[in-house]
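In case you want the letters, here they are:
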Amino acid sequence: METAAVTGPLRIQQPRHLLRFRPLADRVTLNMFGATGAKWSIAEVTMDVAVGTFNLNNLFSRFNFQAEISAVHPVDDEERLTSSYVFDDPESVRIRTYKGRLVKGIEPEEQKVLARRISEMDLDILAVQEVEDIDTLRFFAAQHLGGAYPHLSLIEGNDPRLIDVAVLSKFPVGAVTSWQHAVHPDVPGRRVFSRDLLEVHILDPRAPDKHLLTVFNNHLKSQFVDRDSDPEEAKRLADELRTRQVDTIVRIIGERTRPDGRYIVLGDMNDTPDAPTLAKLAEPTRQLSLTEALAHPEETREAKPDDPPPPASGSWTHRFKESGQPAKYELFDQIWLSDSLTTRHKSSHIDRRTKHGGDGSDHDPAWVVLDL
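The rules we used
Once a new chain begins, its residue numbering starts again from 1 and follows that chain's sequence as written. Residues qualify for local features only when their pLDDT is at least 70, as the model is predicted, and side-chain atom pairs are given and counted only at 80 or more; totals for whole chains, interfaces and linings, by contrast, use all residues. Note: side-chain values were computed over all heavy atoms of the structure, leaving out hydrogens and water. Nine residue types can take part in a nonpolar core, namely buried Ala, Val, Leu, Ile, Met, Phe, Trp, Tyr and Cys, and a core is a set of them joined through side-chain atoms within 4.5 Å. Only protein chains enter the accessibility calculation, which uses a 1.4 Å probe. A residue is then buried if its area is under 20% of the maximum for its type, exposed if over 50%, and partly exposed in between. Think of it this way: any DSSP run of H or I at least four residues long counts as a helix, any run of E at least two long counts as a strand, and we number them from the N terminus. By definition in these notes, contact holds between two residues if any of their heavy atoms fall within 4.5 Å. Given a helix with a known number of residues, its expected span is that number minus one, times 1.5 Å. Cavities and pockets were defined on a 1 Å grid built from protein atoms only: a cavity is a group of points that admits a 1.4 Å probe but offers it no way out, a pocket is an open group of points flanked by protein on both sides within 12 Å along at least five of seven lines, and a lining residue is one with an atom within 4 Å of any such point. Grid points are joined across faces, edges and corners, and a volume is the space filled by probe spheres set on the points. Gly is put with the polar residues, along with every residue not named as nonpolar or charged; the nonpolar set is Ala, Val, Leu, Ile, Met, Phe, Trp, Tyr, Cys and Pro, and the charged set is Asp, Glu, Lys and Arg. Centre distance within 6.5 Å is the pairing criterion for rings of Phe, Tyr and Trp, where only the six-membered ring of Trp is used; planes under 30 degrees apart are then read as stacked, over 60 as edge-to-face, and the remainder as tilted. Definition of a polar contact: a pair of N or O atoms within 3.5 Å, with one able to donate and the other able to accept a hydrogen when the atoms are protein atoms, and with sequence-neighbouring residues admitted only if both atoms are side-chain atoms. Here, any two strands with at least 2 DSSP bridges between them count as paired. Between the N-to-C directions of two axes lies an angle of 0 to 180 degrees, each axis being a line fitted to C-alpha atoms and, for a helix, fitted only over the stretch in contact.

Caption draft 1: Structural detail: the nonpolar core. Counting 27 residues, the largest nonpolar core has Ile 125, Leu 213, Ile 264 and Leu 370 as its most contacted members. Breaking this core down by element, the ones donating at least two residues are strand S6 (48–59), strand S11 (125–131), strand S13 (164–169), strand S17 (197–204), strand S18 (207–219), strand S19 (263–268), strand S24 (333–338) and strand S26 (366–371). Discounting chain neighbours no more than four positions away, the residues touching Ile 264 are Val 51, Leu 213, Thr 214, Val 215, Phe 216, Ile 335, Trp 336, Leu 337, Leu 341 and Leu 370.

Caption draft 2: Region of the structure containing helix H1 (residues 108–121). Helix length check: H1 (14 residues) gives 20 Å between terminal C-alpha atoms against 20 Å at 1.5 Å per residue, within 8%. For H1, the full list of buried residues reads Gln 111, Val 113, Leu 114, Ala 115, Arg 117, Ile 118 and Met 121. Those residues of H1 that are buried lie in contact with S6, S11, helix H2 (134–144) and S26. Where H1 ends, the next residue or the one after it, Asp 122, has phi of about 55°, a positive value.

Caption draft 3: Quick look at the layout of surface pockets. Empty space within the largest pocket amounts to approximately 2000 Å³. Ser 222, Gln 223, Phe 224, Val 225 and Asp 226 are, among the 46 residues lining the largest pocket, the residues nearest its centre. A breakdown of the residues in the lining of the largest pocket according to their chemical character gives 14 nonpolar, 13 polar and 19 charged.

Caption draft 4: How the structure looks around the side chain of Thr 214. With respect to the helices and strands, the residue Thr 214 is situated in strand S18. Leave out the neighbours within four places in its chain, and Thr 214 touches Glu 199, Val 200, His 201, Arg 262, Tyr 263 and Ile 264.

Caption draft 5: Quick peek at the packing of aromatic side chains. Evaluation of the coordinates by the stated rule reveals two aromatic pairs. A centroid spacing of 6.4 Å and a plane angle of 90° characterise the contact between Phe 216 and Tyr 263, whose relative ring orientation is edge-to-face. Of this pair, Phe 216 sits in strand S18 while Tyr 263 is found in strand S19, placing the two residues 47 residues apart along the sequence. Across the pair, Tyr 263 and Phe 216 agree in class, each one buried. With 4.6 Å between their ring centres and 80° between their planes, Trp 316 and Tyr 329 make a pair best called edge-to-face. Here Tyr 329 lies in strand S23 (residues 328–330) and Trp 316 lies in the loop between strand S21 (298–299) and strand S22 (318–320), a separation of 13 residues in the sequence. Comparing Trp 316 with Tyr 329, the two get one shared label, buried.

Caption draft 6: The environment of Arg 242, seen in detail. Residue placement: Arg 242 occurs in helix H3 (residues 231–256). The class of Arg 242 is buried, set by a relative accessible area of 0%. Put simply, Arg 242 and Thr 277 are 35 residues apart on the chain and 6.1 Å apart in space, counted from C-alpha to C-alpha. In contact with Arg 242, other than residues within four places in its own chain, are Leu 220, Lys 221, Ser 222, Gln 223, Met 269, Asn 270, Asp 271 and Thr 277. Among the polar contacts made by the side chain of Arg 242, one reaches the main-chain carbonyl oxygen of Lys 221 at a distance of 2.8 Å.

Caption draft 7: Molecular detail of the environment of Ser 169. Along the chain, Ser 169 falls in strand S13. A polar contact is formed between the side chain of Ser 169 and the backbone oxygen of Phe 171, at a distance of 2.8 Å.

Caption draft 8: Layout of the sheet that holds S26. Spatially, seven strands are ordered S12-S13-S11-S6-S26-S25-S21 in an open sheet, and the strand pairing comes out mixed. Pairing within the sheet leaves two strands with one partner each, and these edge strands are strand S12 (151–154) and S21. Note that S11 and S13 share five bridges and pair antiparallel. By the bridge assignment, Val 131 is partnered in S13 with Asp 164. H1 rests against S6, S11 and S26 of the sheet, and its axis sits at about 175° to S6. Relative to S12, H2 is tilted by about 155°, and along the sheet it contacts S6, S11, S12 and S13.

In structure tokens, the structure reads:
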């Protein structure tokens, strides 16, 4: 019977993840039936885990409103429609509006583009923003993602446009907590989060009763300024709220985790990692120490040429061009790793758009690969 001598760690390639086993013996003889001549002990089993974030840019159900019109009145002699209908019954009518206008979701073809990008990334855990509700997310995942993500988490939050944060996971999910009711001490009578801070505990697929890591998904106050507002004052108020949101995130995570815990803070932060509004995320404390993981990402393709060109580092996920002004390229979508995950960080990636305006979304998705 043929045998083969194996020295050192034995690595077995699984379809999705690389598992690493280390033997007790320095030298082990293997045959077709297994190991002989030594006892094995699994000192460490690790696998690559891909975790990312993607703003889906108004992933809504197909219709902007739902209602049943019981009768259509006839037209007059000049064939003009003279009837009007008022949708004012909240039990039978749901209208998605913002500042008096209907909010429209992205077109079906754009949804297919989103699905293609998500499928090509093939992440294990994906935090998303701007999703209408859990039914919309379930339909999207079943219709466009082939059921690749059996574990979906979404709790409707505070946004008047009905956009929520959610997590899609291939791995089992444990506890899910919404922090939408959290307040900041400066304004104790008002919810601080524009949408929510969604805390999702991901379980280890190798041992489903074991905790793998915790994801904190965010969508902070936007930089949008209403045309009817004083732009400087509106920006000041938005920055002030975003700062309070970050203060609250840091406080909650500090209370919910251990210094050596495995957790990720990610999502659409609507500001750059070095912005004063996000300063608390970058300030290490005895309880909390985070590292932003997208400083030098690998891009799936070269950025579309522009004048001026986008950052050479590739560290951007959002492009905004005001009329008559050069485009701004900024890293709004971020991934912050806890200390224990920073040492297991293998690589960072951004799926680069093919059009200046974006492919399916005005944000590019980003992700990291961790050795867990």
